[in-house]
Structure formats: structure tokens, C-alpha cells
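Here is what each chain is made of, one letter per residue.
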Amino acid sequence: MKDNKYSAKYALIYTSLITIILLTPLFFYFVYMKNIHSIQNELFLKEKSLLVVKAMQEFNQNDEFFEYPRFKTFTSGLYDESFQPIFTLIDTPINYFKGGYYLDGNDAYLIVKLPQNRYFGARYLILKNKISYAPVYEKVFIILFSIVIFVFILSLFFLGSFAKPFQKINNQLDNFIKDSMHEINTPLSIINVNIDLYNRKNETNKYMQRMKAAAKVLSNIYNDMDYLIKHERLEHEKKEINLSAFVKERIEYFNEVARMKNIVINTAIQECGTIYMNDKELQRLIDNNISNAIKYSYENSHIDIQLYIKNERCCLSFKDYGVGIEKVEKIFSRYYREDTSKGGFGIGLNIVKSIIEKENIELKIESLPNQGSLFIYTFAPKNKN
């Protein structure tokens, strides 16, 4: 489905570019066709003028009156030397006093100079009709539409053909990542279980604590990768979650990680009722914020995590006293890392952004370089299903 959207998107872009390029010759073609249409109309009026002149030539002077010829496709009239009408069917004044063919908006005029004192004292025969460029517009539109459709179909075909090798490689890479994630999960689980068993049977030592903390950091990265791979294919069911208890549980999980840098996590957790949300998405939001707060804090410092009610809404804040953020607007971009020395893949906050947009969670960020950062998440009104 993504591949089809990709092909359609870029086929539309290429079609637009080619259409724009073709508009210049198409414009000149349009102007050319208008001139041709105008010339055809001029020839038409000249042909009809001959019919009027012929009718006057055939007039018998012995006849009581002359019946001036009338036509449905044009009007005409006889005018004297001063362009005053002798007899005319034209209901508009003549603004052009020179022989020949000319256009006035959608009105076309043909002025034919007559022999003097030959046709009822008339010096000019003037013919007028409405000229319409509708056939030209229609033809140009059909050509343009045909070009767009033809180029779009060709673009889809060629993009699909060119993309097949890349699609194959991409699918292989996806399968490799999925298989790798599965293979990582098993030994990671074994490591965590055996560390817990060891700690139960033996006294806790700093080496096992470091191993446990490192395993938790690795688990957090694994969970981010797993969510990133599966979140578009799986339906995350929502349920009522006690936010206070959930936050306390996640803080307890990261205590060992914080102790690796001698960081103290200070908490002020109020009872905030329940929220309606998927637990895995809530865990990704909280875990990534705590993990980042630890990662970017200075050693021997502290982190403040608060949960409180403001304006009948639950607010969850994470405050660290570390390196801070220089470019706040970029931190949610996937794979962006402001400090590459800290490790990670730059996907945690990108995941957080997708979750808060989905759940309509408001986010406020305050940060100063070398002083730390504050992230405040304001959830939808509590108990809202």
C-alpha cells in the first residue's frame, strides 16, 4: 500500500512538472489556433459579402423595391462615405472606419469598399458576426487532458518498474529488522530474568546493578524499535489506566538506570484519576521522557517528575538539569540527535510526537542550553472515554 502511494505521489509530481513544461508550446498552439479560427471567420464573411454584392448586382431597376438579403449567421448594412447607415441590420455603431477585417471583443467586422454611386449610393458594405473560440478551447482542453492522463499513466508504469528492485531490497531489510528484533528479544529476556534470579540469591553488587541498568536501557531501545515497526499494522486498544500508579511503576523501573550516573529522581505524584489510553503507547511516552532526562542530565544531579491536576486536567512534567536543547523545533524529527555522543537512534521523541498528536495531548517545552529542559504533557479531561 505504501509503495502504491509512493508511486502515485511522485507520478503526480512528474505529471505536474511535464504539464507545466508543455504549457508553453500549448499556449503558442492555442494562439495559433485562435488566429486560424479568426482567418476562417474572415474568409466566411468575405464569401458572404460576395453573396450580398451579387444580390444587389442582380437587382432590376424596373422592380418597385429591393429586398435586402438577410442571413442567420451574420448581419450586414450599407453605409455612405461618412459611415452613416443607408440601410443596415447592424444594431451597434461602427467604431472602425477603415476597409478590411477587424475584431472588437467577440464581434468580427468586415468592411468592403463599394464602387461609387453604383449600389443605392452606398460606399461601404459592412458585415458583422459573433466569433466564438469555444471549439479552440475545447480542442486545447482535450489535448491537455490527454497529455496529463498519458504522462500520468506512463509515470506510474515507469516508477513502478524502477521501484521494484528497491521494493525488494526494502522488504528484505524490513524482514531482517523484524527477525533481528525477535532474536534480540529472547536473549534480552534471559539476561533480565537471570539478573533478577542472581539478585534474589546473592547480595546486590555494583556490577550486577550496572548490568541490570544496561539491560533496561537496551529494553527501552528495543521497545521503541518494536513499536515503530508494528504501530501502523496493529490496532492499539485503549483502556482505563490509573495514571498515578502507572507513572510510579515506570519511575521505579528507571531508578537503577539513574543510579548509574548518581542521578536522583525526585517525584511529586498526585492522584489524578484514570485516563483512557493504550498502555503501550503511554509507556512509550513516559519511558522516553525519563530515559532522555537521565541521558542528557549531568552526573550527580537530579530529575524532577511531577503529576498534578490543573484546570481539571492531568499534567505530567519531566524536569532535568542537564545539557538542554538548542533546537527545540527539530527534536521530534526522526533520527535527529542533537548530541550524537549520547547514543540512541533519534526515534524516541518522534514516537512521542505521533502518540500525543493521536491522543490530543498538549505539550509545552522549556529549555535552556547547559541548564536543562522541562517537558509538560497535559492530557485530555480526565475520565473522558
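Before reading on, note that the structure itself is shown above.
So, here is what we can say about the structure in this document. Just so we're clear, the structure is a prediction, and the values are computed from it rather than from any experiment. (Residues numbered from 1 in each chain as written. Predicted model: local features only at pLDDT ≥ 70, side-chain atom pairs only at ≥ 80, totals over all residues. Heavy atoms only, no water.)

So, the overall build of the chain
Within the chain one finds six helices and 12 strands. The burial tally for the chain puts 36% of its 385 residues in the buried class. The long-range share in the chain, meaning contacts at least 24 apart out of those at least 6 apart in sequence, stands at 67%. For the chain, the accessible area works out to roughly 23,900 Å², and carbon and sulfur atoms hold 55% of it. (Helix = DSSP H or I, 4+ residues; strand = E, 2+ residues; numbered from the N terminus. Buried < 20%, exposed > 50% of the residue type's maximum accessible area, 1.4 Å probe, protein only. Contact = heavy atoms within 4.5 Å. Areas by Shrake-Rupley, 256 points an atom, 1.4 Å probe, with all protein chains shown as cover.)

Brief notes about the sheet that holds strand 11 (residues 362-368)
Through backbone hydrogen bonds, the strands of a sheet pair up, either in parallel or in antiparallel fashion. The sheet built from five strands is open, its strands ordered 7-9-10-12-11 with mixed pairing. Across the chains shown, the open sheet's two edge strands, defined by having one partner strand only, are strand 7 (264-269) and strand 11. Going from strand to strand, the sheet's axes swing by 10° on average, the running direction of each strand aside. Pairing analysis gives six bridges linking strand 7 to strand 9 (residues 302-310), with the strands arranged parallel. The residue of strand 9 that forms the bridge with Ile269 is Leu307. (Pairing = 2+ DSSP bridges. Axes fitted to C-alpha atoms, helices over the stretch in contact; angles between N-to-C directions.)

A closer look at the packing of aromatic side chains
The geometry of an aromatic ring pair comes down to the distance between the two centres and the angle between the two planes. This structure, assessed with the given rule, holds 14 aromatic pairs. Judged by centre distance (6.4 Å) and plane angle (85°), the ring pair of Phe66 and Tyr68 falls under edge-to-face. By relative accessible area, which is 22% here, Phe66 ends up partly exposed. Here Tyr68 falls in the buried class, since its relative accessible area comes to 5%. An aromatic cluster of at least three residues, connected via ring pairs, comprises Phe59, Phe66, Tyr68, Phe87 and Phe120. Taking the ring centre of Tyr253 as reference, the NZ or CZ of Arg250 above it sits at 4.5 Å. (Phe/Tyr/Trp six-rings, centres within 6.5 Å; stacked < 30°, edge-to-face > 60°. Lys NZ or Arg CZ within 6 Å of the ring centre and 35° of its normal.)

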